[in-house]
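A look at the structure
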Amino acid sequence: MKNMGFRWYGDNNDSITLSDIRQIPGVSQVVGTLFDIPAGEVWPKDQIKHLKDEVEAAGLKLEVIESVNIHDDIKIGLPTRDQYIENYIETIRNLAEYGVKVICYNFMPVFDWVRTDLHYLLPDGSTAMAFEQKYLTDDPQSIADAMQKNSNGYVQAGWEPERMAEIKRLMTAYKDVDTEKLTANLKYFLDAIIPVCEKYDVRMAMHPDDPPRELFGLPRIYKNRDDMLKIEQLHESPYNGFTICCGSLGENPQNDVPAIIREFAAKDRVFFIHGRNIKFINDDGDFHESAALSSEGSLDMYEIMKALYDNDYQGYIRPDHGRDIWHENGRPGYGLYDRALSINYLNGLWEAINKDHR
Ligand SMILES: [Mn+2]
């Protein structure tokens, strides 16, 4: 695929180098971030320029950013949100100046993605991240501590220490934020930023909640197709759209991921794809992440790629989390080898579908 990318956390935050990424066949994009900038602060132009320059020096492009995190005050709807939204707008303008076309973001309260095991042992001896409801305690702090402790010394995106130090305070601050209020706060945010995105040609690609269900009593507003329709209608614009994370949506067996892609890609509201497979462990929706190959997981990756092809998808795609294989010991889910295998597989499916339809 022409816009195949690879997520990279930056010089001091990743076990993988840009030249490693360049050597994966068929990769043209780095999905980049300024990992050290806390949510709510403006991304400085000089740091964006530095990132773009080094990505381009490696023969790659920087057109997708993941993520520009949204300050919790915006999600809670506090009066301080206006300043944080101003900062967000300035970041959008700064990124646009350096050629960024898509910003991936999420609107999950307190926690980003959640797993109960970062090293779940698979029958072939590899490990992957897993979610089993029975291990989810009532204490969010213990989940945060486990995520940190088991990440091989890396900080996981969405689990930054400054955020985790605040869990108790945040859980209290979200006490009165229900689904309706969180949705209204998303609308307030979109109404403010989307006109800027239209002017500067930057598309906002919201990432689904992962897993797509309520946790710790906190609301989740992007869990399925109906949620997507609502989000789309909050602020109608070709710049208000989605990241389809196949794994995240696929973690609810009721979600028909290829059908969701068909519906929203046909309307040109899909800007970014996370190509990931998962495998259900039981009928309760517990799952582990798996190799991308359809036969290794519960999602049909051919149908997913076919849905993109049939809708003439021109947007960006990257593999999502991978397994840890071949003695790799990096940030769990973000090793080099299994994600490179995913890219080769997804590109292989794409080539085959293309040639079938010539
Ligand atoms: Mn994802």
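See the structure above.
The model shown is predicted, which means the values in this text are computed figures rather than measured ones. (Residues numbered from 1 in each chain as written. Predicted model: local features only at pLDDT ≥ 70, side-chain atom pairs only at ≥ 80, totals over all residues.)

**Section: the overall build of the protein chain**
Formally: Helix and strand labels come from DSSP, where a helix needs a run of H or I of at least four residues and a strand needs a run of E of at least two; each type is numbered from the N terminus. Both definitions apply: the radius of gyration is a C-alpha atom measure, and the globule rule equals 2.2 Å times residues to the power 0.38. A residue is called partly exposed when the number of other C-beta atoms within 10 Å of its own lies between 12 and 20, exposed at 12 or fewer, and buried at 20 or more, with C-beta atoms placed from the backbone. We call two residues in contact whenever the C-beta atoms placed from their backbones are within 7 Å.
Assigned secondary structure in the protein chain consists of 13 helices and twelve strands. Computed over its C-alpha atoms, the radius of gyration of the protein chain comes to 19 Å, within 12% of the 21 Å expected for a compact globule of 358 residues. Taken along the three principal axes of its C-alpha coordinates, the protein chain extends 55 × 45 × 40 Å. Counting over 358 residues, the protein chain shows a buried share of 46%. A sequence separation of at least 24 residues applies to 72% of the contacts in the protein chain between residues at least 6 apart.

**A word on the nonpolar core**
As a reminder of what qualifies: By convention the nonpolar core is taken to be a set of buried residues drawn from Ala, Val, Leu, Ile, Met, Phe, Trp, Tyr and Cys and joined through C-beta atoms within 7 Å.
Core analysis: the largest hydrophobic core is formed by 97 residues, its most contacted members being Ile103 and Ile261. Here this core gets seven residues from one element, more than from any other, and that element is helix H8 (residues 179-200). With sequence-adjacent residues up to four places away left out, isoleucine 261 is seen in contact with Ile244, Val270, Ile304, Ala307 and Leu308.

**Considerations on the sheet that holds strand S3 (residues 61-66)**
Paired through their backbone hydrogen bonds, the strands of a sheet run either parallel or antiparallel. Stated precisely, the cut-off is as follows: Any two strands between which DSSP finds at least two bridges are classified as paired. Orientation is described by axes fitted as lines to C-alpha atoms, over the contacting stretch for helices, and by angles from 0 to 180 degrees between their N-to-C directions.
Read from one edge of the open sheet, eight strands run S1-S2-S3-S4-S7-S8-S9-S12, paired in parallel fashion. Whereas interior strands pair on both sides, the edge strands pair on one side only; in this sheet they are strand S1 (5-7) and strand S12 (316-319). Across the sheet, the mean angle from the axis of one strand to that of its neighbour is 25 degrees, orientation sign disregarded.

**Overview of the pairing of strand S11 (residues 287-290)**
Pairing analysis gives two bridges linking strand S6 (residues 127-131) to S11, with the strands arranged antiparallel. Looking at the pairing, phenylalanine 131 lines up with phenylalanine 287 of S11. Relative to S11, strand S10 (residues 277-280) runs antiparallel, the two being bridged by four bridges. When the bridges of S11 are listed, phenylalanine 280 appears paired with phenylalanine 287. Between the antiparallel neighbours S10 and S11 lie six residues, among them glycine 285 with a positive phi of about 90 degrees.

**Details of H8**
What counts is decided by this rule: Every helix has an expected span of 1.5 Å times one less than the residues it contains.
Spanning 22 residues, H8 covers 31 Å between terminal C-alpha atoms, matching the ideal 32 Å at 1.5 Å per step. Buried residues of H8: Leu182, Asn185, Leu186, Phe189, Leu190, Ile193, Ile194 and Cys197, and no others. Those residues of H8 hidden inside the fold are in contact with helix H3 (72-76), helix H4 (81-97), strand S7 (203-206), helix H9 (225-234) and strand S8 (240-245). Where H8 terminates, the next one or two residues include aspartate 201, which has phi positive at roughly 60 degrees.

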